[in-house]
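Letter by letter, the chains look like this.
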Amino acid sequence: MKEIKKILCAVDLSEHSAAVAEYATMLAKGLGASIIVVYTAPSLSQYVGFHVPPNTIENFVGEIVSGAEKSMDAFVAENFPGVEAKGQVLIGYAAEEILTRANDEGADLIVMGTHGRKGIDRILFGSVAEKVVKNASMPVLTVRPTN
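All values reported here derive from a predicted model rather than from experimental measurement. (Residues numbered from 1 in each chain as written. Predicted model: local features only at pLDDT ≥ 70, side-chain atom pairs only at ≥ 80, totals over all residues. Heavy atoms only, no water.)

Colleague: What am I meant to see in the overall build of the chain here?
Modeller: The secondary structure content of the chain amounts to five helices and five strands. Going residue by residue from the N terminus, the α and β elements of the chain occur as β-α-β-α-β-α-β-α-α-β. For the chain, with 147 residues in total, the buried portion stands at 37%. In the chain, once contacts between residues fewer than 6 apart in sequence are set aside, the share between residues at least 24 apart is 77%. Summing over all exposed atoms, the chain offers an accessible surface of approximately 8,700 Å²; the carbon and sulfur share of this is 54%. (Helix = DSSP H or I, 4+ residues; strand = E, 2+ residues; numbered from the N terminus. Buried < 20%, exposed > 50% of the residue type's maximum accessible area, 1.4 Å probe, protein only. Contact = heavy atoms within 4.5 Å. Areas by Shrake-Rupley, 256 points an atom, 1.4 Å probe, with all protein chains shown as cover.)

Below, the structure written as structure tokens:
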């Protein structure tokens, strides 16, 4: 079995993200691993053709990223005690960005949450976790919401 020394922890900065962080932290402590915490902001580039000026979209995405970076700093400081953890805010489609960053960073494991959607919600919104699990070259631990 391959040694786990680097964990990519994908979060959406919702209230459920703390439980995902708890699993990643527990594993990192037990395995002596470091953690890369990622949040993916949407690029919104698909809306450029809908009579929305590109600079408006870029400004909006910039504000999302700026806010996410502040939230990420606080989230990492609060939720990853006693382990080496760094936060990164990515821009794009979540599943693609998570997989790309995991490969680029040489992650040995991905830890991420699921939203537990069912039925029509799952068909309409898809599942980032499902796409990551199906396409990852490393193991993926998914954490389902407890509520």
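Colleague: How should the packing of aromatic side chains be read in this particular structure?
Modeller: Think of a pair of aromatic rings as described by two things: how far the centres are apart, and how the planes are tilted against each other in angle. Overall, the coordinates contain one aromatic pair when judged by the stated rule. An angle of 70° between the planes, with centres 6.0 Å apart, marks the rings of F75 and F80 as edge-to-face. (Phe/Tyr/Trp six-rings, centres within 6.5 Å; stacked < 30°, edge-to-face > 60°.)

Colleague: When you look at the pattern of salt bridges in this model, what are you seeing that I'm missing?
Modeller: Charged atoms that come close allow side chains of opposite charge to pair. Counting across every chain of the model gives four salt bridges. Residue K2 pairs with D108 through a salt bridge whose shortest N-O separation is 3.0 Å. Here K2 is found in the segment before β1 (6–10), whereas its partner D108 is found in the loop between α3 (94–105) and β4 (109–113), with 106 residues between them in sequence. Salt-bridge contacts for E3 lead to K5; the nearest nitrogen and oxygen are separated by 3.8 Å. Of the residues examined, K5 reaches a relative accessible area of 38% and is grouped as partly exposed. (Salt bridge = Lys/Arg side-chain N within 4 Å of Asp/Glu carboxyl O.)

Colleague: Can you walk me through α3 in this structure?
Modeller: An α-helical turn contains 3.6 residues, so a residue and the one three or four places further along point in the same direction. Between its terminal C-alpha atoms α3 stretches 16 Å, which fits the 16 Å expected from 12 residues at 1.5 Å a residue. Taken together, the buried positions of α3 are occupied by A95, I98, L99, A102 and E105. Seen end-on, α3 carries its buried residues on one side only, within an arc spanning 145°. Along its buried surface, α3 packs onto β1, β2 (34–41), β3 (85–91), β4 and α5 (128–135). (Expected span 1.5 Å × (residues − 1). Arc of directions from axis to C-beta.)

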